[in-house]
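Below are the chains, spelled out letter by letter.
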Amino acid sequence: MLRERFRRLSLVVLLVLAASSGGQAHSPKHHTFSGFIADSTVLSAGSWVIHGVWSADMRDGKGGSPDTADFSAALTMERSDYWLLTTSGADADNPATRNAHTHHIALAGATVTPITGGIRIAGPATITANGSVAPFGTSSTLQIDITGSTIVTFSNVKLTFGGDAVAHFGSQALAGVVRGAN
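All values reported here derive from a predicted model rather than from experimental measurement.

Student: Hey, could you run me through the packing of aromatic side chains in this one?
Tutor: One pair of aromatic rings is described through two measures. These are the centre distance and the angle between the planes. All told, the structure shown has four aromatic pairs when counted by the stated rule. Judged by centre distance (5.9 Å) and plane angle (80°), the ring pair of Phe136 and Phe169 falls under edge-to-face. With Phe136 in the loop between β6 (132–133) and β7 (140–147) and Phe169 in helix α3 (residues 166–169), this residue pair connects regions lying 33 residues apart in the sequence. According to the relative accessible area criterion, Phe169 is buried, its value standing at 1%. Members of the aromatic cluster, each reached through a chain of ring pairs, are Phe136, Phe161 and Phe169. Geometry around Trp83 places Arg79 over its ring, the cationic atom sitting 4.4 Å from the centre.

Listed below in C-alpha cells is the structure:
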C-alpha cells in the first residue's frame, strides 16, 4: 500500500514538473544571415568595385520577433576597369593605380524592423580602412535591407550608407546576395 502511494505521488510530481516547464522563460532565439557583397559604385563616387562577405546575428525581443542585430562585413575596394579606361594617365599595368584597400564595417545592437519582403537593420556604423579609422570620418550610419520573395524568402541584401561614409561609398545602395539564413 505504501509503495502504491509513493508511485502515485511520484507520478503527480512528474506531471506537475512537466506542466510547469512549459511556463518557464525561454532564452531569446538567434537568427543568423550571411552572404556576399559584389557591386560597384556609380561614377560620381569614383567608380569602385566592391567585394566581400557579411553576416548578421539577430536576437528576438519580447514579442518573439527580431528587434536587435549585430552586423559585420569585410570588404575590398579597388578602382574599376571602367575608371582605368576613362581616366587620363591611369596606368592599367601598375597595381597601385587600382588603389586596392579594405574596410571592416560593424553595427552592434542595431535596430531591426520589418519591411516589405524582408527586414531592415539600421544604426550607427563603425568603419575601418586598412585596419585604421576611416579617413572620411567616424559619423556614419548603415541601413541593411535583407529581402526576398516566395521561392527564396531571403535572397538579396542592400547596404546604404549615410553620414560621412557617403563621401567614400556613395549614396546608392550596394547590392549582394544572402547565402545562408537560419
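Continuing now.
Student: Sorry, what's going on with the nonpolar core here?
Tutor: Most often, soluble globular proteins keep nonpolar side chains buried together rather than apart. Counting 33 residues, the largest nonpolar core has Trp54 and Phe169 as its most contacted members. Among all residues touching Trp54, those that are not within four sequence positions of it are Phe33, Ser34, Gly35, Phe36, Ile37, Phe71, Ser72, Ala73, Ile146, Val157, Val177 and Val178.

Calculation criteria
- Residues numbered from 1 in each chain as written.
- Predicted model: local features only at pLDDT ≥ 70, side-chain atom pairs only at ≥ 80, totals over all residues.
- Heavy atoms only, no water.
- Phe/Tyr/Trp six-rings, centres within 6.5 Å; stacked < 30°, edge-to-face > 60°.
- Helix = DSSP H or I, 4+ residues; strand = E, 2+ residues; numbered from the N terminus.
- Buried < 20%, exposed > 50% of the residue type's maximum accessible area, 1.4 Å probe, protein only.
- Lys NZ or Arg CZ within 6 Å of the ring centre and 35° of its normal.
- Core = buried A, V, L, I, M, F, W, Y, C linked by side-chain atoms within 4.5 Å.
- Contact = heavy atoms within 4.5 Å.

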